[in-house]
Amino acid sequence: MNTRRMRSITASVLMLATGTLSAQTLHADDRSWFADAAAEQAARTRLSAAVATLRDAGPTDPATRVQQAERLLGECQRHRAYLHLQAARNARDSRPVQAQRAVADVCDDATGIARKALVDAPADARWVAPYAWLRTRALGNTNSSTPPAAGVEDAVDEVASPALDAFARLQRQLLQHASYPSIPSNGGLLDSRKDSTALSRHPDRALREAGWKGYWQGVASQREAMASTLLALVQVNDRASQLQGDGSAPEHSYRRMGLDPDAVQATLAAVQRHAPQRRAYQHELLRHAEHMGMADPQIWDLSLPDAGFVPPVLTLEQVRDTAADAMRGLGSEYASEVRALLDPAQRRMDMAPTLGPRSADAFPVAAPGVPSLLFVGQRGGTLESDVEVVHEAGHAVHGQWMERGNVSAFYRNGTSWLNEAYAIFNELEFRDQLYRQAQDPRAKAYYLTSLLDDIVLQLFIASEEAQLEQSIYQGVAAGTLGTADDLDALTLKVLSGYGMMAERYPALGATWETKRLMYEDPLYLANYLFAGLVAVQLYVQDPQDPQGFRQRYLAVLSEGFDRAPQEQVAQLLGHAPDWSALVDADLQVFDAQVARLQALHAQIEAGQGG
C-alpha cells in the first residue's frame, strides 16, 4: 500500500548484477469502474447530493439510515480508489488529488451517519448484529483515563492536522534540496542517491564504498532543518493527544491499533533480547564474504551475490507464475486470483519501466462491486521491485476475496497491522518459492538471504523503528532532545541494541532522517512489527497444517475487518496471541533458516556452486 516502507533492507539486500529492465508498460483497464473521467465526475456529484440528503433530510429509522449509508459508502470507496489511480498515473495533475480529498469527506460523512444511528439504536435490536463492531468503535474508547469534553477531539484534530501536514510537506521539500555527492565512474558521474543501486553492485569496491558514504553524507546534508521539523512535529502531535485525553501520542496510537501500550513495550523488549541472533547472522554474511576472497568485508560489500552467479531478471510472466505457485497452499481458487491479477493479458496492472510523471508509489485499487487492480509507479529490474509487486498484489487479492465474501463497505478497511500481515505473508511465500525452485547453491543462497533479510526487516528493523520513534517522543517530552546531534546519538543507541552495524558505522546515526513515515504518518511504523510477527507465523503454519490453515486463513480473509483484530489473529493462529511468545517462535524460524544458509555457504565455499 502507499504506506509501505519504501527503503532497502540494511546490510544485505542483494541487487541484480546485470540485466535489462522489462520494457512492458501496462495500463489497467478501469472502464468497469467508470466509463471515463466524465462519468466518474457525474456519478460523484450525484453521490455527494445523496449523502447530503441522507444526512439532512433522510429517513429517521436508524436501520434504514445505516443501510443507506452502507450502500453510499461502497460507492464512495469506488470513487476514492479510482481517483487515487488517476492521481498516481499523472502526479503533475492536482485535480484528481483535490477530487480525492473531497470524496474522502463524503465518505467520512456516510460513515458518520451510520455511526450516529448505531449509537442511538437499541443495542439489542436484531438488525444491529451485523454492525456490532462498527457500533463498538463508534461508542469510543472506554479505556481513556481522562475522557475529553464533547467535541474536543474533533476540535483538536481540526487545528493539529494542518500543522502536521505542513511539517510533512516541509520534510519532502528538504529532501528534494538535499545535496548528494556525485561519484566519477567510467568517464561519467553517478549520483550517490539516484544511482545508489548501480553503485551498490559496482564491481569496483572503492566505488561501492564511495557510493555508500556519499549516500549517508547526502542524507545528513539537511540534518539541522530536518531535526527542527521532526521535533516540532512531535511536540504538536504529542500535545494534541494529551488534549484529547488519551495520554502521550505513542500510547494513543497503540490503543488505536488495538494494542495495550504495556504489551507493546514487552514486545519490543522481547525482540531486543534476540539481538545476538541477528548479530550472528550479520557475522555469517561477513565471514562468508571474507572466505570467498573479500578482504576485511564492510557493509558496502554485502550487496553482491557470490562470484560467478548472475541473478536473473524475472519477466512479469515469471513473477505471475512464481507468485501463484507460492500461494498454492491456500487452494486453487486463491492461486487463480493471484495469477489473474498478475497476468498482463488481463489488463489489471498499471505499471511502467520508467517513472516519468507517474507517482513513485505502489498500491492496490479495490472497492465493492468491481475487480481489484494494481498500480506500480515503476517496476525496476530487481528482486525487491518484484517483491513490491507481490506484496501489493496480496492486498489487491484480499480486496477480491472480500468481494467474494460480500463484505460490508464498513469492514473493507481495518487495523493496519493486520492488513499488512496478509501482504507480508505473500511476499515471504514468494521469496521462499524462488529459493525452493532454485538449483544452483549460489542461487539458493541468494534467495534464502533475501528471505532472511525480509524476516530481519519485519522483526528487528520494525522493532528498531518503533522504539526509535517512541524514544523520540519520550525525549521531546523530557526535554532531552533539541538538536540533530541529539537525534543522531539516540538513533545509534537504539540501533546498537538490535545489531552490530550501528557500532561500526556512525553515519547510520542519520537513519532517523530516512524514516519518511515519521513525518507523513506519525507513529504508523509500529504497525509493521505486529504485522511481521503475525506474517512469519502464517508462513510457518502454512506447511505445518495445510488444510486447517487454509480453512482458517480464507475464512478470516473473506470476512474483512468485522471484529477486533486480536480476535481475528486468534482464529488465524488457532490461539490468542501472546506477542512475546510469538517473538520467540518467529526467531526459532529465523535460526532454522540461518542454519540452512550456513549449509549452503559451506557448499559454495567447497566449490560446489555452478
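The coordinates are above.
Residues numbered from 1 in each chain as written. Predicted model: local features only at pLDDT ≥ 70, side-chain atom pairs only at ≥ 80, totals over all residues. Heavy atoms only, no water.

Colleague: What is the right way to look at the pattern of salt bridges in this model?
Modeller: A side chain with one charge can pair with a side chain of the opposite charge if their charged atoms come near. By the definition in use, this model includes 38 salt bridges. The partner of Asp30 in a salt bridge is Arg89, with the nearest N and O atoms 2.8 Å apart. With Asp30 in the segment before helix 1 (37-57) and Arg89 in helix 2 (residues 62-89), this residue pair connects regions lying 59 residues apart in the sequence. Here Asp30 and Arg89 have matching classes, each one buried. Notably, a salt bridge pairs Arg431 with Asp454, separated by 2.6 Å at the nearest N-O pair. Separated by 23 residues along the polypeptide, Arg431 in helix 15 (residues 416-437) and Asp454 in helix 16 (residues 441-478) bring together distant segments of the chain. Each of Arg320, Asp321, Asp325, Arg339 and Asp343 takes part in a single network of salt bridges with overlapping partners. (Salt bridge = Lys/Arg side-chain N within 4 Å of Asp/Glu carboxyl O. Helix = DSSP H or I, 4+ residues; strand = E, 2+ residues; numbered from the N terminus. Buried < 20%, exposed > 50% of the residue type's maximum accessible area, 1.4 Å probe, protein only.)

Colleague: Please clarify how the pairing of strand 4 (residues 362-365) should be interpreted in this entry.
Modeller: On any regular strand, side chains alternate: one points to one face of the sheet, the next to the other face. Judged by which residues are buried, strand 4 turns out to be covered on both faces: Ala362 and Pro364 on one side and Phe363 and Val365 on the other are all buried. Two elements, strand 4 and strand 5 (residues 373-376), share 4 bridges in a ladder whose sense is antiparallel. The partner of Val365 across the bridge, within strand 5, is Leu373. (Pairing = 2+ DSSP bridges.)

Colleague: What am I meant to see in the nonpolar core here?
Modeller: The tendency in soluble globular proteins is for nonpolar side chains to be buried as a group. Within the largest apolar cluster, 137 residues are counted, with the highest numbers of intra-cluster contacts made by Trp417, Ile472 and Tyr553. Among the elements that line this core, the one with the most residues is helix 16, at 19 residues. In this structure, Trp417 is in contact with Met257, Leu259, Asn527, Phe530, Ala531, Val534, Pro565, Val569 and Trp579, ignoring residues within four places of it in sequence. One finds Leu54, Val66, Ala69 and Cys107 within the second-largest nonpolar core, a separate group that totals 28 residues. (Core = buried A, V, L, I, M, F, W, Y, C linked by side-chain atoms within 4.5 Å. Contact = heavy atoms within 4.5 Å.)

Colleague: Got a minute to help me understand the pairing of strand 2 (residues 188-191) in this structure?
Modeller: Bridge analysis of strand 1 (residues 182-185) against strand 2 gives 4 bridges, and the strand direction is antiparallel. Paired with Pro184 across the strands is Leu189, a residue of strand 2. What sits between strand 1 and strand 2 in their antiparallel hairpin is a turn of 2 residues, with Asn186 showing a positive phi close to 55°.

Colleague: Just to check I follow, could you spell out the sheet that holds strand 4 for this structure?
Modeller: Two strands in a sheet stick together by hydrogen bonds in their backbones, pointing the same way (parallel) or opposite ways (antiparallel). Ordered in space as 3-5-4, the 3 strands form an open sheet in which the pairing is mixed. Each edge of the open sheet is held by one strand with a lone partner, namely strand 3 (349-351) and strand 4. Strand after strand, the sheet turns through a mean of 15° between neighbouring axes, direction not considered. As paired strands, strand 3 and strand 5 are joined by 3 bridges and run parallel to one another. Following the sheet pairing, Met349 is matched in strand 5 by Leu374. (Axes fitted to C-alpha atoms, helices over the stretch in contact; angles between N-to-C directions.)

Colleague: Help me understand the packing of helix 12 (residues 316-326) against helix 13 (residues 332-341) in this model?
Modeller: Pairs of packed helices are described in terms of their axes, by the angle between the two and the distance that separates them. At their nearest, the axes of helix 12 and helix 13 sit 8 Å apart, and the two run at 165° to each other. With respect to their mutual orientation, helix 12 and helix 13 come out roughly antiparallel. Relative to helix 13, helix 12 is oriented so that their crossing is right-handed. When helix 12 is examined against helix 13, the residues Arg320, Asp321, Ala323, Ala324 and Asp325 are found in contact with a partner set consisting of Ala335, Val338 and Arg339. Here the contact of helix 12 with helix 13 is composed, by residue class, of 4 nonpolar, no polar and 4 charged. (Parallel < 35°, antiparallel > 145°, perpendicular 65-115°, else oblique. Left-handed = near helix turned anticlockwise from the far one by under 90°. Nonpolar A, V, L, I, M, F, W, Y, C, P; charged D, E, K, R; others polar.)

Colleague: For this particular structure, what's the right way to read the packing of aromatic side chains?
Modeller: We describe a pair of aromatic rings using the distance from one ring centre to the other and the angle between the two ring planes. The tally for this structure, following the rule as stated, stands at 23 aromatic pairs. On the numbers, 5.7 Å between centres and 85° between planes, the contact of Tyr422 with Tyr553 is edge-to-face. Placement of Tyr422 in helix 15 and of Tyr553 in helix 21 (residues 546-557) is noted, with a sequence separation of 131 residues between them. Grouping residues by exposure puts Tyr422 and Tyr553 together as buried. What links up through ring pairs into an aromatic cluster is the set Tyr180, Trp212, Tyr215, Trp216, Trp300 and Tyr505. Sitting above the plane of the Tyr435 ring, Lys444 keeps its charged end 4.3 Å from the centroid. (Phe/Tyr/Trp six-rings, centres within 6.5 Å; stacked < 30°, edge-to-face > 60°. Lys NZ or Arg CZ within 6 Å of the ring centre and 35° of its normal.)

Colleague: Got a minute to help me understand the side chain of Asp30 in this structure?
Modeller: For Asp30, a relative accessible area of 8% translates into the label buried. Once residues within four sequence positions are removed from consideration, Asp30 is found in contact with Tyr82, Leu85, Gln86, Arg89 and Leu373.

Colleague: What exactly am I supposed to notice about helix 1 here?
Modeller: For the α-helix, the turn length of 3.6 residues means that residues three or four positions removed from each other point alike. Over its 21 residues, helix 1 extends 30 Å from the first C-alpha to the last, a length consistent with the 30 Å expected when each residue adds 1.5 Å. Along helix 1, the positions that sit buried rather than exposed are Glu40, Ala43, Arg44, Leu47, Val51 and Leu54. An end-on view of helix 1 places all buried positions within 110° of arc, on one side of the element. In this structure, helix 1 carries Ala38, Thr45, Arg46, Asp56 and Ala57 as exposed residues pointing more than 90 degrees from its buried face. Residues of helix 1 that are buried in the fold lie against helix 2 and helix 3 (95-120). (Expected span 1.5 Å × (residues − 1). Arc of directions from axis to C-beta.)

Colleague: Would you take a moment to explain the state of the cysteines for this structure?
Modeller: By definition, a disulfide links two cysteine residues through a covalent bond between their sulfur atoms. According to the stated counting rule, one finds 1 disulfide in the structure shown. Between the sulfur atoms of Cys76 and its disulfide partner Cys107 the distance amounts to 2.4 Å. Of note, the bridge from Cys76 to Cys107 carries an S-S torsion of about -115° and is left-handed in sense. On the criterion of sequence distance, the pair formed by Cys76 in helix 2 and Cys107 in helix 3 is long-range, its members being 31 residues apart. Classification of Cys76 as buried rests on a relative accessible area of 0%. (Disulfide = S-S within 2.5 Å.)

Colleague: Mind showing me how you'd approach helix 7 (residues 205-219) here?
Modeller: With 15 residues, helix 7 should reach 21 Å at 1.5 Å per residue; the first-to-last C-alpha distance of 21 Å fits that figure. Every buried residue of helix 7 is accounted for by Leu207, Arg208, Gly211, Trp212, Gly214, Trp216, Gly218 and Val219. Structurally, helix 7 contributes buried residues whose contacts are with strand 1 and helix 6 (196-200). A distance of 2.9 Å separates the backbone nitrogen of Ala206 from a side-chain oxygen at the start of helix 7, and that oxygen is part of Asp204. (Polar contact = N/O pair within 3.5 Å; in protein donor to acceptor, adjacent residues only side chain to side chain.)

Colleague: What exactly am I supposed to notice about unusual backbone geometry here?
Modeller: Most peptide bonds adopt trans geometry, and most residues besides glycine take a negative phi value. Positive phi values are uncommon outside glycine, yet Arg347 reaches one of about 55°. Among the secondary structure elements, Arg347 is positioned in the loop between helix 13 and strand 3. In this structure Arg347 comes out as partly exposed when scored by relative accessible area, which is 41%. Backbone geometry places Leu523, a non-glycine residue, at a positive phi of 70°. Among the secondary structure elements, Leu523 is positioned in the loop between helix 19 (516-520) and helix 20 (526-544). By relative accessible area, which is 4% here, Leu523 ends up buried.

Colleague: I would appreciate a short explanation of the environment of Asp586 in the present structure.
Modeller: Along the chain, Asp586 falls in helix 23 (residues 579-605). Once the C-alpha coordinates of Asp586 and Ala324 are considered, the two residues, 262 residues apart in sequence, prove to be 25 Å apart. At a separation of 2.8 Å, a polar atom in the side chain of Asp586 contacts the side chain of Gln537.

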